[in-house]
Amino acid sequence: MATSTVSFEKLYKRAVLPSMSAAERRAAAILIVDSAAPVRQAVRQALIDIGFSSVFETADHVHALERIEQQPITHVIFDARKTNMPAKEFLLKTMEYSREIITIPLSSEPTIDNVFDLLVVGARGYIVKPFTQESLDEAVIMATKGEPISQSILYARNRNEALASLIMASLDQLATVLRQAPKFETARAEIPKRSLALKRAIDVGRTFALGGSEMLVEAIIQFTTEHCEGPATRLGRVRKRLEEKKGKGLGGKA
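Figured I'd write up the structure that's included with this text. None of these values were measured; they are calculated from a predicted model.

Structural notes on the sheet that holds strand β1 (residues 29-33)
On the basis of which strands lie adjacent, the open sheet formed by five strands has the order β2-β1-β3-β4-β5 and parallel pairing. Of all strands in the sheet, those bounded by a partner on one side alone are β2 (54-58) and β5 (127-128). As paired elements, strand β3 (residues 75-79) and strand β4 (residues 102-107) share five bridges and run parallel to each other. Counterpart to I77 in the pairing with β4 is I104. Strands in contact with helix α4 (residues 61-70) are β1, β2 and β3; relative to β1, the strand with the most contacts, it is inclined by about 165 degrees. Packing against the sheet, helix α7 (residues 133-145) makes contact with β3, β4 and β5, and its axis sits at approximately 145 degrees to β4.

Here's what the structure looks like:
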């Protein structure tokens, strides 16, 4: 038992977040959309410094749509504020043109600039100004390698419930692959992806929870309470299945 535990701990410690290879970075074509030239230049230079060679820029959303139609674009980092078009409208039009384009809003005040609404619609992440090369790189990798989050939060009754659901679903998925990892190579391969998903879910929750982290914790407690009413043990689950079968059998005789 002790040997198994040690190997499991080593396995978990070796797990790293996904990265983008040099080839993937060279293949990317990133369009920066921001009305402030210094911001565009800063983002462009930072992306070039971390290996992205095809980086373009434009000052507004309308011209960005024209660029998207004129040349292949894989990523769009765009101002979350309105320029000559509302950011949400720009996002919807971009997705209408191609759902393969990875969209990342850029904002200095994500809770004010309605970045959460952009995530619900389909944005793949967000970047907070001021940024560093590391935070910019991480945001692009998360958006590129991670799964879309909008489906997890689209139909929730309120924002904090949505964020709690997102965090707990990500935690459950990571816990599942960690349990399976000592036996299955496919599960071990999933660890970085699921770790990334949990990290992003927590970041999103801390940023956008209404009432701050305290209210997010309350939402998580409420979520777990509502979803822990079923049988908690294996024996309990077996008993439940037997009861269901028994009930179906009685129904058939009736």
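Observations regarding the pattern of salt bridges
Using the criterion set out here, one finds nine salt bridges in the structure. Note that R194 and E190 form a salt bridge whose closest N and O atoms lie 3.1 Å from each other. On the criterion of helical spacing, the pair formed by R194 and E190 is a turn pair, its members being four residues apart in helix α10 (residues 185-208). Classification of R194 by relative accessible area gives buried; the value is 14%. You can call E190 partly exposed: its relative accessible area is 25%. If you follow the salt bridges from partner to partner, you end up with E138, K199 and D203 in one network.

Concerning the packing of aromatic side chains
Describing an aromatic ring pair means giving the distance of the ring centres and the angle of the ring planes. Taken as a whole and assessed by the stated rule, the structure comprises three aromatic pairs. Between the aromatic rings of F116 and F208, the centroid separation amounts to 5.8 Å while the plane-to-plane angle is 50 degrees, which identifies the pairing as tilted. Note that F116 is positioned in helix α6 (residues 115-121) and F208 in helix α10, a separation of 92 residues in sequence. Each member of the pair, F116 together with F208, is buried. Across the ring face of F116, the terminal group of R159 is positioned such that the distance to the ring centre comes to 4.3 Å.

Here is what the cut-offs are and how they apply
Residues numbered from 1 in each chain as written. Predicted model: local features only at pLDDT ≥ 70, side-chain atom pairs only at ≥ 80, totals over all residues. Heavy atoms only, no water. Pairing = 2+ DSSP bridges. Helix = DSSP H or I, 4+ residues; strand = E, 2+ residues; numbered from the N terminus. Contact = heavy atoms within 4.5 Å. Axes fitted to C-alpha atoms, helices over the stretch in contact; angles between N-to-C directions. Salt bridge = Lys/Arg side-chain N within 4 Å of Asp/Glu carboxyl O. Buried < 20%, exposed > 50% of the residue type's maximum accessible area, 1.4 Å probe, protein only. Phe/Tyr/Trp six-rings, centres within 6.5 Å; stacked < 30°, edge-to-face > 60°. Lys NZ or Arg CZ within 6 Å of the ring centre and 35° of its normal.

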